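So the chains spell out like this:
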Amino acid sequence: REDSREREVQAAVETMLRERPFNVELVFNELQEQARKVHEDERRRLEKRKDRFRALLQDTFFRSDHVGLSWETAKRDVEHRSAYRDLDRADRKALFAEHMEELERRLQAKSRAVKEKLGLMDGKEEGEAEEEGEAPDEGRNGAANGPSKRKREDGDDDEEEEEDEDDDGE
């Protein structure tokens, strides 16, 4: 009886030793997958916290008089909010800086659109035209300081009235 028990134990030990690399690999793969899931969950939670802080910034700092606001001044307005407390200092400052840059870009674009609508600008300002590869002296229709043409309501092209007046006067 003892011999059979010893042989069973010996067989079980040999089986475990043969299967050991396979079991270690299974355990390793399982732990690796769990670590990947934990990392992905943490990344997702961090992104949600950042989104909440961005929303807080948009709700709090949206007017033109907010442009140029320092972080120290702005911090006083939001530090009591959980969206502020849920992020570390570096993330808060970086997101605030991004928000302020975006706010300034939006307000500049809005200002340009209003000026264009009111006719205060000829499309683009000189510096912008040069940046986009256009000649700085081109106007809205692309003509370089030449007589502009405009479409009449009846469909015919008509040069500006100044040229018509010069012909009539001679």
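Before going into details, it helps to say that this report is about the structure given with it. If you're wondering where the values come from, they're calculated on a predicted model, not measured in any experiment. (Residues numbered from 1 in each chain as written. Predicted model: local features only at pLDDT ≥ 70, side-chain atom pairs only at ≥ 80, totals over all residues. Heavy atoms only, no water.)

Before going further, it helps to examine helix α2 (residues 71-78). Helical geometry: 3.6 residues make up each α-helical turn, so side chains three or four residues apart lie on a common side. When α2 is considered as a whole, its buried residues turn out to be W71, A74 and V78. The buried side chains of α2 occupy one side of the element, clustering within an arc of 65 degrees when seen end-on. (Buried < 20%, exposed > 50% of the residue type's maximum accessible area, 1.4 Å probe, protein only. Helix = DSSP H or I, 4+ residues; strand = E, 2+ residues; numbered from the N terminus. Arc of directions from axis to C-beta.)

Attention now goes to the pattern of salt bridges. A full pass over the atoms with the stated rule returns 12 salt bridges. In this structure, R36 engages E33 in a salt bridge whose closest nitrogen and oxygen atoms are separated by 2.6 Å. One end of the pair is R36 and the other is E33, both in helix α1 (residues 2-60) and 3 residues apart, which spans about a single turn. One salt bridge connects E42 with R45, and the closest N-O pair in it is separated by 3.1 Å. With E42 and R45 both in helix α1 and 3 residues apart, the pair spans about one turn of that helix. Classification of R45 as partly exposed rests on a relative accessible area of 43%. Sharing partners across several salt bridges, the network here consists of E42, R45 and R49. (Salt bridge = Lys/Arg side-chain N within 4 Å of Asp/Glu carboxyl O.)

Scope: geometric values only; no functional claims are made or implied.
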